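# Tertiary structure, described
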Amino acid sequence: MKHIARKRFGQHFLTDGSIIAAIVDAITPVAGQPMVEIGPGLAALTQPLVERLGRLTVIELDRDLAVRLREHPQLTVVESDVLKVDFRALARQMLASATAAPLGKIRVVGNLPYNISTPILFHLLAQVEVIEDQHFMLQKEVVDRMVAKPSTSDYSRLSVMLQWRYEMANVLLVPPESFDPPPRVDSAVVRMVPLAQPPVLQVKTLEMLVQVAFSQRRKILRNTLGKWLDEKGFAGQFDLQRRAEEVTVAEFVALAQAV
């Protein structure tokens, strides 16, 4: 029986064989590696991944799909909302049986539901210390914001909050016709590799600072971030005669450390 894509889960199933092969090649799975796939759906990506890995853990919210996936002998199925999954605990379980995990971390892949892609990214960011790398298919406009450089229209709060912790690259464009049903937008695959030596900072401070800075991105920072820094008693040097999009990730990080 054909599974009908469910709108409430943001389901769009990947069907293009050449695109699937290109994504798997970009991920470069190696036998014995501990890997988690978020939202395996109809297993289009799952099957070629598990053929190379030998074993794969999948997180699936749709009960009907989870039942189907459990019939696959090489899959471990976690039936859950990904935002409720404790990746630290999952990593401990997976690493106990992994045969190829020299860094003692797990790899994460997935075709993320468009409606909750950003919350998933931040959920993983909070548990990044157990992750070796991430490969995700997302809306192209989200990927553009993730990898954007300063002084561009795509550079945003999302750019800063991910780039301070990951090295990222857009590795593949995926057109709508690669899916069933086709989404109304282009998609892209992003590679996210956590920095080996990330800056030491209070993440909450950086979050608040960046949120205030980008809250009115057309305004000069003196009118937004300046007031916030005054409230914090900041007495250091920082050029507030700019807009948020002109400030580099390194400058935001240094300011968060100084505050």
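Residues numbered from 1 in each chain as written. Predicted model: local features only at pLDDT ≥ 70, side-chain atom pairs only at ≥ 80, totals over all residues. Heavy atoms only, no water.

Moving on, we come to unusual backbone geometry. Look at the link from Asp180 to Pro181: it is a cis peptide, with omega at -10 degrees. One can find Pro181 in the loop between β8 (179-180) and β9 (187-194). One non-glycine residue, Thr28, lies in the positive phi region at around 50 degrees. With respect to the helices and strands, Thr28 occurs in the loop between α1 (17-27) and β2 (35-38). Judged by its relative accessible area of 45%, Thr28 is partly exposed. Phi at Ser151 takes a positive value of approximately 65 degrees, unusual for a residue other than glycine. With respect to the helices and strands, Ser151 occurs in the loop between α6 (140-147) and α7 (157-163). (Helix = DSSP H or I, 4+ residues; strand = E, 2+ residues; numbered from the N terminus. Buried < 20%, exposed > 50% of the residue type's maximum accessible area, 1.4 Å probe, protein only.)

Now for empty space enclosed by the protein. Tallied over the entire structure, the rule returns 1 cavity of 30 Å³ or more. Size it by volume and the largest cavity reaches roughly 40 Å³. In terms of lining, the largest cavity is formed by Ile23, Ile27, Leu45, Gly110, Asn111, His135, Phe136, Met137 and Val189. Those elements that place two or more of their residues in the lining of the largest cavity are α1, β5 (106-111) and β6 (131-139). With 3 residues, the single largest contributor to the lining of the largest cavity is β6. Here the lining of the largest cavity is built from residues that sort into 6 nonpolar, 3 polar and no charged. (1 Å grid on protein atoms, 1.4 Å probe; cavity = no way out; pocket = protein on both sides within 12 Å on 5 of 7 lines; lining within 4 Å. Points joined across faces, edges and corners; volume = space filled by probe spheres on them. Nonpolar A, V, L, I, M, F, W, Y, C, P; charged D, E, K, R; others polar.)

Our next topic: the pattern of salt bridges. Applying the stated criterion to the full structure yields 10 salt bridges. Note that Arg52 and Asp25 form a salt bridge whose closest N and O atoms lie 2.9 Å from each other. Here Arg52, found in helix α2 (residues 46-53), pairs with Asp25, found in helix α1; they are 27 residues apart in sequence, far enough to count as distant. Close ionic contact of Arg217 with Glu245 constitutes a salt bridge, the shortest N to O distance being 2.8 Å. Placement of the pair is Arg217 in the loop between α8 (203-214) and α9 (225-231) and Glu245 in the loop between α9 and α10 (249-258), with a sequence separation of 28 residues. On the basis of relative accessibility, which here comes to 23%, the residue Arg217 falls in the partly exposed class. Judged by its relative accessible area of 14%, Glu245 is buried. By sharing partners, the salt bridges in this structure join Arg217, Arg218 and Glu245 into a single network. (Salt bridge = Lys/Arg side-chain N within 4 Å of Asp/Glu carboxyl O.)

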